[in-house]
Amino acid sequence: MIAVLAVGTYYVAKTNNMIAMITSGGVKVDNMVVAVLADALYRGTATPMLVLPLCGGAAVCQIIKMLLTWRSSLMSHKISFTILKNIREAITDRMAKVPMGVMLETPSGTFKTLMVDNVGRLEDIIAHMVPELPSNLAGPVFSIILVFVLDWRMGLALLVTIPVALIPMAFGLRTYNKNYAAYMAANAHVNSVIVEYVEGIQVVKAFSQGERSYQKFANAVRSFRDFTMDWFRCTWASMNLCLSILPTTLLGTLPMGIYLYQTGVLDPAQVTLCLMLALGIVTPLMSATAFINSMKSMQFAVKDTRELLDLPQLSQMERDAPLNGCDIQLRDVSFSYGGDGEEVLHHLDLTIPQGKFTALVGPSGGGKSTIARLAARFWDVTGGTVTLGGRDIRELPLKQLSREISFVTQDNFLFDCSLKENIRLGRPGASDEEVFTAAKAAQGEEFIGRLEHGWDTAAGDAGKQVSGGERQRIAIA
């Protein structure tokens, strides 16, 4: 995935570098046209035969610039959204293959930050920074070279204020990496608190904890605001000083231009062109400095994505394995969450025979749900083996295991589609009749029939009318 991102970004950058150079060349032609016209007006030689061709050439350059800019933007956005699609697909694929413990132990806000915020940030960077940054750098470079070609002293005068502007910028960037990392951590925390508050609103209301829970939410948002404002205050002085000095290119070029004109070294057209080029590099340079934050944002987004994609996934075989029945056996099973914590199962032996109901009865925290999750291979056992039909479930492809073992939790999640489609998730190719048969076997046909739209009732609407047990029956079906 990261390779795709790199190749795609390189392709956009390479293509748009060429476009940027052509476009920047067109801009310089415009500047030269204006300089020639200014010289002609100064000398009194401006005639229609001179002015019209020059104006026509300037208009053609602007049209070419517009077309190239449109083409560049179209290409960068197309590639950007393709890369984002591939990244999100890679993330969801890896989330389905890592141990369930990773998903349960990671705050929901972390995934929201990763899949929505960070990946969305890449769209802005790839679609805008990659095509715009080359042109913002190519334009000033061409301008500086052209000024040096006209007169080396004007070139040096043009560069006088730029190093001065970089000094406060370098001062402000000394702690940038540390502060940006802290900013991203604070952003992930506030996202987790927001998601927790929204997801737990039912519990909050049930126990009249609205004020207390809201206080936690408000404190997290306030803390994030204070941290962000403190960081900005630390950088305001240096960055504003840099952005104030960058536009002052005329401080060097204007006195030098007047001096060279008075000494007869440069004519009015040349002085005018140099001054226009000096002013022309200001906006691109300021835009380029603004991309520093974008590049750092991209670095963190790629780093967080890479960390998720590098998580160890459950090993699995490529081909289905033959099974001898469907008995589930736990042989000398030990298990601890995280692999190195306190064990919740100790050398457990258990047989769940095919064709019979087996109930696990015991106190809360006794490991009943853990046994069910190990049988469904949400985690791998720390010690011992779990077998299905005589086969270690680690030797079965996950798809085969999911066909043989169904898992229904106490609190079931229904997707945003009809009840019929929710049932069909277990077998996407199932016919309506097969869906109805499954629902009847799960004793869900009666209450579904009572709903106004029956099987086509949206899960969101049905959630207001069905109980938790009825949602379990839909999950069973």
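Read on for a plain summary of the structure.

Criteria and thresholds
- Residues numbered from 1 in each chain as written.
- Predicted model: local features only at pLDDT ≥ 70, side-chain atom pairs only at ≥ 80, totals over all residues.
- Heavy atoms only, no water.
- 1 Å grid on protein atoms, 1.4 Å probe; cavity = no way out; pocket = protein on both sides within 12 Å on 5 of 7 lines; lining within 4 Å.
- Points joined across faces, edges and corners; volume = space filled by probe spheres on them.
- Nonpolar A, V, L, I, M, F, W, Y, C, P; charged D, E, K, R; others polar.
- Phe/Tyr/Trp six-rings, centres within 6.5 Å; stacked < 30°, edge-to-face > 60°.
- Helix = DSSP H or I, 4+ residues; strand = E, 2+ residues; numbered from the N terminus.
- Buried < 20%, exposed > 50% of the residue type's maximum accessible area, 1.4 Å probe, protein only.
- Salt bridge = Lys/Arg side-chain N within 4 Å of Asp/Glu carboxyl O.
- Pairing = 2+ DSSP bridges.
- Contact = heavy atoms within 4.5 Å.
- Axes fitted to C-alpha atoms, helices over the stretch in contact; angles between N-to-C directions.
- Expected span 1.5 Å × (residues − 1).
- Polar contact = N/O pair within 3.5 Å; in protein donor to acceptor, adjacent residues only side chain to side chain.

1. Notes on empty space enclosed by the protein
If a probe the size of a water molecule is rolled over the atoms, the empty space left behind becomes visible. Under the counting rule described, the total for this entry stands at one cavity of 30 Å³ or more. Quantified by volume, the largest cavity comes out at close to 50 Å³. Lining of the largest cavity is provided by Leu 374, Trp 379, Asp 380, Val 381, Thr 385, Val 386, Asp 392, Ile 393 and Arg 394. Across the lining of the largest cavity, the residue classes break down as five nonpolar, one polar and three charged.

2. Let's talk about the packing of aromatic side chains
Enumeration according to the criterion identifies three aromatic pairs in this entry. Seen from their ring centres, Phe 335 and Trp 379 are 5.9 Å apart, and the 55 degrees between their planes marks the pair as tilted. Of this pair, Phe 335 sits in strand 1 (residues 328-336) while Trp 379 is found in the loop between helix 13 (368-375) and strand 3 (383-388), placing the two residues 44 residues apart along the sequence. Overall, the relative accessible area of 2% leaves Phe 335 in the buried class. Ring plane angle 45 degrees and centroid distance 4.7 Å describe the contact between Phe 436 and Trp 455, whose orientation is recorded as tilted. Residue Phe 436 is found in helix 16 (residues 432-441), and its partner Trp 455 is found in the loop between helix 17 (445-450) and helix 18 (459-462); the two are separated by 19 residues along the sequence. For Trp 455, a relative accessible area of 18% translates into the label buried.

3. Examining the pattern of salt bridges
For the structure on display, the rule yields 14 salt bridges. Here Arg 153 ties to Asp 151 by a salt bridge, and the two come within 3.0 Å at their closest N and O atoms. Since its relative accessible area comes to 27%, Arg 153 is described here as partly exposed. A relative accessible area of 6% places Asp 151 in the buried class. The salt bridge involving Glu 395 is made with Arg 391; its shortest N-O contact spans 3.4 Å. Residue Glu 395 is classed as partly exposed on the basis of its relative accessible area of 36%. Judged by relative accessible area, which is 29%, Arg 391 ranks as partly exposed. Through salt bridges that share partners, Lys 420, Glu 421, Arg 424, Asp 432 and Asp 456 make up one connected network.

4. Topic: the environment of Asp 124
If you trace the backbone, Asp 124 turns up in helix 4 (residues 108-150). Taking C-alpha positions, Asp 124 is 8.4 Å from Ser 294, a pair spaced 170 residues apart along the chain.

5. Considerations on the sheet that holds strand 4 (residues 391-392)
Reading across the sheet, the four strands line up as 2-1-3-4 and stay open at both edges, with antiparallel pairing between neighbours. Where the open sheet ends on each side, the last strands, each with one partner, are strand 2 (343-352) and strand 4. One ladder, built from five bridges, connects strand 1 with strand 3; its direction is antiparallel. Across the sheet, Ile 328 pairs through a bridge with Leu 388, a residue of strand 3. Together, strand 1, strand 2 and strand 3 form the strand contacts of helix 13, whose direction differs from that of strand 2 by roughly 65 degrees.

6. With respect to helix 11 (residues 268-280)
Relative to the 18 Å expected for 13 residues at 1.5 Å per residue, helix 11 spans 18 Å between its end C-alpha atoms, a close match to the ideal helical length. What helix 11 keeps buried is the set Pro 268, Ala 269, Val 271, Leu 273, Cys 274, Leu 275, Leu 277 and Ala 278. Where helix 11 begins, one side-chain oxygen reaches toward the backbone nitrogen of Gln 270, 2.7 Å away; that side chain belongs to Asp 267.

7. Some details on the pairing of strand 3
Pairing geometry for strand 3 and strand 4, over two bridges, is antiparallel. Opposite Thr 387, over in strand 4, you have Asp 392 as the bridge partner. Connecting strand 3 to the next strand, strand 4, in antiparallel fashion are two residues, including Gly 389 with a positive phi near 60 degrees.

8. Some details on unusual backbone geometry
With a phi close to 50 degrees, Asp 332 is a non-glycine residue in the positive phi region. Assignment of secondary structure puts Asp 332 in strand 1. Look at Asp 332 and you get partly exposed, because its relative accessible area is 39%. Of note in the backbone geometry, Arg 377 takes a positive phi value of approximately 60 degrees without being a glycine. Its place among the elements puts Arg 377 in the loop between helix 13 and strand 3. Classification of Arg 377 by relative accessible area gives buried; the value is 2%.

9. Some details on the side chain of Thr 253
With respect to the helices, strands and loops of the structure, Thr 253 is situated in helix 10 (residues 250-262). Taking relative accessible area as the criterion, Thr 253 reaches 1% and is therefore assigned buried. One polar contact links the side chain of Thr 253 to the main-chain carbonyl oxygen of Thr 249, over a distance of 3.0 Å. Residue contacts for Thr 253: discarding those within four places in its chain leaves Met 154, Ala 157, Leu 158, Leu 275 and Ala 278.

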